[in-house]
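Coordinates in review
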Amino acid sequence: LLHKAIEKGGTTDDSVSERYPSREASVEDLEEALTLGHIRLAYQPKVRCHTGTIVGFEALARWHHPQLGFIPPDIFIPLAEDHGLIDRLTLQVTEQSLDWLADISSNDTARRVGQHVLQDTLLSLNISARSLENGELFDTILQHCRDRGIAPQRIVLELTETSAMQDATTSLDTLTRLRLQGFQLSIDDFGTGYSSMVQLVRLPFSELKVDKRFVMTANDSEESRAVIRSVVELGRSLGLNTTAEGVEDQETLDYLDELKCDLAQGYLISRPLPPEKVLDWFITHEA
Ligand code: C2E
Ligand code: CA
Ligand code: CA
Ligand code: CA
C-alpha cells in the first residue's frame with residue numbers, strides 16, 4: 001500500500017508529517033540511509049510496442065526516510081552527486097538489482113511463472129555522468145555481474161543526453177571500454193537537442209530513449225510528436241533501439257507503434273513496482 005501511495009503521488013496520503021516534512025533531507029541523512037541500507041528499488045517494465053512482450057526492467061532508486069517520508073530521486077540523486085556519494089549509491093543499486101535479476105532469472109522462478117522469458121530480460125541502470133570519470137566503478141559492476149553469472153549483455157547503462165555528451169572525448173574511452181565488455185549503452189532523456197549526429201555516430205550507444213516530456217504530451221502537441229518522429233527515425237537510421245518512456249495512454253502507444261518505435265515504458269504498461277510485486281505483474285501481463 002505504501003509503495004502504491006508512493007508511486008501515485010510521491011507521498012503517503014494519511015500522514016501530515018510526510019506531506020509536510022519538518023526539514024529537508026541532508027547529506028548526513030543520505031549517508032545514514034546508505035549505511036543502513038534504506039535505499040530500495042522499484043522496477044519498471046519495458047515492453048515491445050508492437051507485441052507487448054516484456055524486454056526488461058529499469059531499476060529506480062527509492063528512499064523512504066523514517067521521519068521525513070518519501071524523498072524523490074530528483075532530490076537525492078543530485079545530493080549524492082554533489083557530495084561524492086553517487087558511486088556508493090550506484091554500487092548499492094547495482095548489487096541489489098543484480099541479486100534481484102539473478103533471482104527472477106532462476107530456474108526456480110521459471111517454474112513458478114511457467115516460462116523462461118525472464119531468463120533473458122534486460123536490466124537498465126541509471127548512471128550518473130560523474131561516474132564516467134571513475135573507471136573503477138565499472139570494474140566493480142562487471143565483477144558483480146560475473147559473481148552472479150549474469151552476462152553484461154543483459155545490462156543497459158542509461159546516461160542522460162546532457163551528461164553523455166558534455167565531454168564526449170573523455171567519456172568516449174570509458175564508453176568504448178564498457179561496450180567492449182559487453183554492456184549496452186543507452187541515451188536517456190533524448191530529444192532535448194544536445195547531441196549532433198556526428199557525436200551520436202561516434203559514441204557506441206545501442207538505445208535512444210525519447211524523453212518522457214515529449215511522450216506524455218504527444219496527444220496534445222504536434223511539436224512533441226515531431227520530436228518523437230525525428231528521434232525514432234534517427235534511431236532507426238543509426239541502427240539503435242528506440243524506447244519511449246512516459247507512455248500513459250493507449251492512444252500514445254498506438255501512435256508509437258505506428259512510427260515503429262521499438263520499446264515502451266510508462267504508467268500504461270506499469271508503474272515502477274516494488275520487487276515483490278514484479279512476478280504478479282508479469283503473470284497478469286502475460287495472461
Ligand atoms: P529517468 O531515468 O528518466 O526515469 C524515469 C522517471 O519517470 C522515473 O521517475 C519514473 O518513475 C517516471 N515515470 C515512468 N513512467 C512514467 C509515466 O508514464 N508518467 C510519468 N509521469 N512518469 C513516469 P523517478 O523514479 O522519480 O526518477 C527520477 C529520475 O531520478 C530518473 O529519471 C533518473 O534520472 C534518476 N534516478 C532514479 N534512480 C536512479 C539511480 O539509481 N541512479 C541515478 N544516477 N539516477 C537515478
Ligand atoms: Ca520524477
Ligand atoms: Ca532512466
Ligand atoms: Ca528518462
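Placed above this text is the structure.
The structure reproduced in this document is the subject of the present report. (Residues numbered from 1 in each chain as written. Chains lettered and ligands numbered in written order. Predicted model: local features only at pLDDT ≥ 70, side-chain atom pairs only at ≥ 80, totals over all residues. Heavy atoms only, no water.)

1. Here we look at the overall build of the chain
Inclusion rule: Note on conventions: DSSP H or I runs of at least 4 residues are helices, E runs of at least 2 residues are strands, and numbering of each starts at the N terminus. The rule is simple: take the accessible area with a 1.4 Å probe, protein chains only, and divide by the maximum for that residue type; under 20% is buried, over 50% is exposed, in between is partly exposed. Note that accessible areas follow from Shrake-Rupley with a 1.4 Å probe, and for residues the cover is restricted to the protein chains shown.
Scanning the chain from terminus to terminus reveals 14 helices and 9 strands. Residues counted as buried form 51% of the 287 residues belonging to the chain. Per element, the accessible surface of the chain, about 13,900 Å² overall, is 50% carbon and sulfur.

2. A short note on the coordination of the calcium ion (ligand 3)
Around a metal, the perfect tetrahedron of four donors has angles of 109.5 degrees, and the perfect octahedron of six donors has angles of 90 or 180 degrees. To be explicit about the condition: Note on donors: an N, O or S atom is included if it sits within 2.8 Å of the metal, or within 3.2 Å for Na, K and Ca, and water is never included, so sites can look incomplete.
The coordination sphere of the calcium ion (ligand 3) contains the protein donors Glu-58 (OE), Asn-126 (OD1), Glu-158 (OE) and Asp-188 (OD), at a distance range of 2.1 to 2.3 Å. Considered as a linear motif, the donors of the calcium ion (ligand 3) on their single chain read E-x67-N-x31-E-x29-D. The two metals, the calcium ion (ligand 3) and the calcium ion (ligand 4), are separated by 4.3 Å and share Asp-188 as a common coordinating residue. A residue pair is termed long-range when its members are at least 10 positions apart, and Glu-58 in strand 2 (residues 54-65) and Glu-158 in strand 5 (residues 155-160) qualify at 100 residues. The same class applies to Glu-58 and to Glu-158, which are both buried.

3. A word on helix 13 (residues 250-259)
Each α-helix turn comprises 3.6 residues. Residues three or four places apart therefore point the same way. Stated formally: Each direction from the helix axis to a C-beta atom contributes to the arc, which is the arc of those directions. Any pair of N or O atoms that falls within 3.5 Å is considered a polar contact. Within protein, one atom must be able to donate a hydrogen and the other to accept it, and sequence-neighbouring residues count only if both atoms are side-chain atoms.
Of the positions making up helix 13, those classed as buried are Thr-252, Leu-253, Tyr-255, Leu-256 and Leu-259. Buried residues of helix 13 fall within an arc of 160 degrees about the axis and therefore sit on the same side. In this structure, helix 13 carries Glu-251 and Glu-258 as exposed residues pointing more than 90 degrees from its buried face. A distance of 3.3 Å separates the backbone nitrogen of Glu-251 from a side-chain oxygen at the start of helix 13, and that oxygen is part of Asp-249. Lys-260 sits one or two positions beyond helix 13 and adopts a positive phi of about 70 degrees.

4. Thoughts on the site of ligand 1
Note the threshold: The near set for a molecule or strand comprises every residue that places at least one heavy atom within 4 Å of it.
Residues in close proximity to ligand 1 total 22 residues, the closest being Gln-44, Arg-62, Asp-188, Glu-248 and Tyr-267. Here a nitrogen atom of ligand 1 sits 2.5 Å away from a polar atom, N or O, in the side chain of Glu-248. Summarising the interface, the protein chains cover 87% of the accessible area of ligand 1, which totals 800 Å² for the free molecule. The set of elements that each furnish at least two residues to the shell around ligand 1 consists of strand 2, helix 4 (73-82) and strand 6 (184-190). Element by element, the count of residues in the shell around ligand 1 is highest for strand 2, at 4 residues.

5. Considering the pattern of salt bridges
The condition is simple: Every case where a carboxyl oxygen of Asp or Glu lies within 4 Å of a side-chain nitrogen of Lys or Arg is listed as a salt bridge.
Within the structure shown, the criterion is met by 12 salt bridges. With its nearest N and O atoms 4.0 Å apart, the salt bridge here joins Arg-148 to Glu-95. Taken together, the residues span a long stretch of sequence, with Arg-148 in the loop between helix 7 (135-147) and strand 5 and Glu-95 in helix 5 (residues 86-104) at a distance of 53 residues. Its relative accessible area of 22% is what places Arg-148 among the partly exposed residues. Relative accessible area serves as the criterion here: at 33%, Glu-95 is assigned to the partly exposed category. Taking the shortest distance from any N to any O, the salt bridge between Asp-139 and Arg-177 comes out at 3.4 Å. Linking Asp-139 in helix 7 with Arg-177 in helix 9 (residues 168-181), this pair joins segments that are 38 residues apart in sequence.

6. Observations concerning the nonpolar core
Note the cut-off: Here the nonpolar core consists of buried residues drawn from Ala, Val, Leu, Ile, Met, Phe, Trp, Tyr and Cys, with membership extended through side-chain atoms lying within 4.5 Å. By definition, residues are in contact when any of their heavy atoms lie within 4.5 Å.
If you look at the biggest cluster of nonpolar residues, it comprises 78 residues, and the most contacted ones within it are Leu-30, Phe-57, Leu-123, Ile-155, Leu-157 and Ile-228. For Ile-155, the contacting residues outside a window of four places in its chain are Leu-98, Leu-101, Leu-123, Leu-125, Cys-145, Ile-150, Phe-183 and Gln-184.

7. Digging into the packing of aromatic side chains
Two aromatic rings, taken as a pair, are described by how far apart their centres are and by the angle between their planes. We count it as follows: Two aromatic rings, drawn from Phe, Tyr or Trp (for Trp, its six-membered ring), form a pair once their centres lie within 6.5 Å of each other, and the interplanar angle then sorts them: stacked below 30 degrees, edge-to-face above 60, tilted otherwise. Whether a charge sits over a ring depends on NZ of Lys or CZ of Arg being within 6 Å of the ring centre and within 35 degrees of the ring normal.
All told, the structure shown has 3 aromatic pairs when counted by the stated rule. On the numbers, 5.2 Å between centres and 90 degrees between planes, the contact of Phe-57 with Trp-100 is edge-to-face. Placement of the pair is Phe-57 in strand 2 and Trp-100 in helix 5, with a sequence separation of 43 residues. Taking the relative accessible area as the measure of exposure, Phe-57 reaches 1% and is therefore buried. Ring centres of Trp-63 and Phe-76 lie 5.7 Å apart, and the angle between their planes is 85 degrees; this geometry places the pair in the edge-to-face category. A residue pair is termed long-range when its members are at least 10 positions apart, and Trp-63 in strand 2 and Phe-76 in helix 4 qualify at 13 residues. Taken together, the ring pairs connect Tyr-43, Phe-57 and Trp-100 into an aromatic cluster. In this structure, Arg-271 packs its charged tip against the face of Tyr-267, placed 3.9 Å from the ring centre.

8. Here's the deal with the environment of Thr-109
Mapped onto the secondary structure, Thr-109 falls in helix 6 (residues 107-113). As for Thr-109 and Gln-119, which are separated by 10 residues in sequence, their C-alpha atoms are 9.0 Å apart. Beyond its immediate stretch of four places on either side in the chain, Thr-109 contacts Asp-103, Ile-104, Leu-118 and Leu-279.

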